[in-house]
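Architecture and fold: a report
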Amino acid sequence: MDKNKQLEQLMSAYKVPLVSVSLADRIILAATHVRQRQSIWGWIDRMFEEFKLPLPGYSLTSLLAIGFLVGFLTYDHIDIDIANIGNVYVASGESIDQFLDEDEALL
Amino acid sequence: MATELPDDEYLLLQIQEGNNTAFAALVKRHSAKYYNLAFRYMINRESAEDIVQTAFLKLFENPEIWNPTKRVKFTTWFYRIVVNLCLDNKKKYKTVQLPDIFEICDGRPHQEEKALMQEAQSLLAAEIASLPDRQKSALILCFYEDMSHKEAAERLAVSVEALQSLLMRAKETLKIKMKEYLRDTHG
């Protein structure tokens with residue numbers, strides 16, 4: 001018998017001692033003292049699993065989200081002077097007279 | 001009528017939803033198998049059992065580490081976790097212990113031969129454990145886990161040719177280390 005065969009025979013004869021019968025129970029018991037960590041992304045994934053939308057639904061939702069985003073981003077650029085808003089549109093006495101004069105001229 | 005058992009991947013999804021019974025089922029199904037694997041690396045029963053326990057508790061603590069979208073089988077994925085833990089522990093305890101418990105299965109009547117065989121097996125176990133990591137993994141997968149060369153190559157992320165080369169080198173090293181116990185009877 002050559003050395004290769006002898007080595008393989010020796011390797012086959014090498015047996016692992018049997019596992020403790022209580023190993024599985026020990027692991028389960030140890031797990032009761034371990035606090036499970038839940039990632040936020042896993043939680044979000046599971047939550048949205050319940051809300052499946054058809055494809056056009058996703059497009060509309062995305063469009064709405066983009067609309068909100070653009071709206072919020074451009075909000076600061078609209079310069080509305082709330083304090084003076086009443087004054088801008090209040091007609092003065094002169095402008096009323098001028099308006100009536102124009103009408104009378106026509107008549 | 002036999003009821004069909006849920007597969008590992010289904011159990012993992014259940015564990016991710018906080019189902020402890022699914023975790024218990026997975027542990028009962030696989031702990032012995034992974035103990036065998038860990039023992040080949042650690043050649044010590046207590047260390048091997050500790051490794052398996054640590055691996056399962058890691059999974060229980062953070063079940064999200066298994067990603068179902070990658071479509072990797074649980075057994076393949078968990079194998080890597082156990083092997084990595086074994087290799088990390090080997091780095092911690094660099095000295096290789098000689099195994100103390102062996103079952104002699106050849107049934108020879110002579111005590112001297114039996115003792116010699118036992119000695120050879122202890123030494124062989126220690127020599128396998130001290131092989132370079134990749135050679136050791138190749139040998140364990142092909143010889144003790146009964147995997148085909150293709151499967152083992154996939155598991156180790158190497159080509160079949162590279163795996164065969166690892167196996168050949170591992171056997172050559174073992175033949176040299178075990179030369180006192182191997183007698184060439186040719187010629």
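The structure this text deals with has already been given above.
Residues numbered from 1 in each chain as written. Chains lettered and ligands numbered in written order. Predicted model: local features only at pLDDT ≥ 70, side-chain atom pairs only at ≥ 80, totals over all residues. Heavy atoms only, no water.

**Structural notes on the overall build of chain B**
Each helix and strand counted, chain B has eight helices and zero strands in total. Along the chain direction, N to C, the helices and strands of chain B fall in the order α-α-α-α-α-α-α-α. Split into buried and exposed, the 187 residues of chain B put 46% on the buried side. In chain B, once contacts between residues fewer than 6 apart in sequence are set aside, the share between residues at least 24 apart is 60%. (Helix = DSSP H or I, 4+ residues; strand = E, 2+ residues; numbered from the N terminus. Buried < 20%, exposed > 50% of the residue type's maximum accessible area, 1.4 Å probe, protein only. Contact = heavy atoms within 4.5 Å.)

**Overview of the interface of chain A and chain B**
Tallying the contact residues gives 34 residues for chain A and 50 residues for chain B. Taking both partners together, chain A and chain B bury about 4000 Å²; carbon and sulfur atoms supply 64% of that area. Counting the surface chain A buries against chain B, the share from its top three residues, Leu 10, Met 11 and Tyr 14 of chain A, is 19%. Where chain A touches chain B, the interface holds two salt bridges. Here Glu 8 of chain A ties to Lys 171 of chain B by a salt bridge, and the two come within 3.0 Å at their closest N and O atoms. Put simply, the parts of the chain that give the side of chain A that touches chain B at least two residues each are α1 (3–13), α2 (23–31) and α3 (40–49) of chain A. By residue number, the principal contributor to the side of chain A that touches chain B is α1 of chain A, which donates nine residues. Here the side of chain A that touches chain B is built from residues that sort into 17 nonpolar, eight polar and nine charged. (Buried area = accessible area lost by both parts, 1.4 Å probe. Salt bridge = Lys/Arg side-chain N within 4 Å of Asp/Glu carboxyl O. Nonpolar A, V, L, I, M, F, W, Y, C, P; charged D, E, K, R; others polar.)

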